[in-house]
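Structure assessment
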Amino acid sequence: MDNSIDVITNNIQLALAPVFLLTAVSTLFNAISTRLARTVDRMRAIHKELQDGQVIDDQLYRLMQKEGDESKFRGRLCTMAIFFDVLSGVFISLTVLELFLFQAGALNTPKTGYVMWSFILGMASFMISMLLMLCEVVYGYLSAGWDNRVITK
């Protein structure tokens, strides 16, 4: 194991390149968590109004039940997106660890397979998380029902 300062510096540079992906992972996690929190708050408010008997009109009651169901589905999309985002962070962190350990000579197994697959799985998980987030945003927009949510007396 070569411990010269140049080798150690090179190892750190090589291992830190994927760390920038972790910034994107954490930013997406923050955005998804915020959307999930707002969806849960809305779902709780709807359920409280429905359970307290504050809604008397049948049409409004049905619309609020539908909105509650839509919020539940959006929450599930956010939860799945968070799962894949965290999984992405784990795989990218594993990639960083593998690169550092292989470059430092601490592991003697063939490195290309492990590093390649952990990076590919990390990126695939990140892409799935982004697609789920896109689905949640589009579903949220479409479920707003701009035209059919107006109740006339």
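Above this note sits the structure.
Report on the accompanying structure. Please read these numbers as outputs of a predicted model, since none were measured by experiment.

With respect to the secondary-structure elements, Leu132 resides in helix H4 (residues 111–143). Taking C-alpha positions, Leu132 is 9.8 Å from Arg76, a pair spaced 56 residues apart along the chain. When residues no more than four places from it in sequence are discounted, the contact partners of Leu132 are Leu77, Met80, Ala81 and Phe84.

So, on to the packing of aromatic side chains. Within this structure, the stated rule accounts for two aromatic pairs. Ring centres of Phe73 and Tyr139 lie 4.8 Å apart, and the angle between their planes is 65 degrees; on these two criteria the pair is classed as edge-to-face. Placement of the pair is Phe73 in helix H3 (residues 58–104) and Tyr139 in helix H4, with a sequence separation of 66 residues. Here Phe73 falls in the partly exposed class, since its relative accessible area comes to 38%. Where Phe83 meets Phe84, the ring centres are 5.2 Å apart and the plane angle is 80 degrees; that geometry is what we call edge-to-face. Under the relative-accessibility criterion, Phe84 is labelled partly exposed at 23%.

What counts and what doesn't
Residues numbered from 1 in each chain as written. Predicted model: local features only at pLDDT ≥ 70, side-chain atom pairs only at ≥ 80, totals over all residues. Heavy atoms only, no water. Helix = DSSP H or I, 4+ residues; strand = E, 2+ residues; numbered from the N terminus. Contact = heavy atoms within 4.5 Å. Phe/Tyr/Trp six-rings, centres within 6.5 Å; stacked < 30°, edge-to-face > 60°. Buried < 20%, exposed > 50% of the residue type's maximum accessible area, 1.4 Å probe, protein only.

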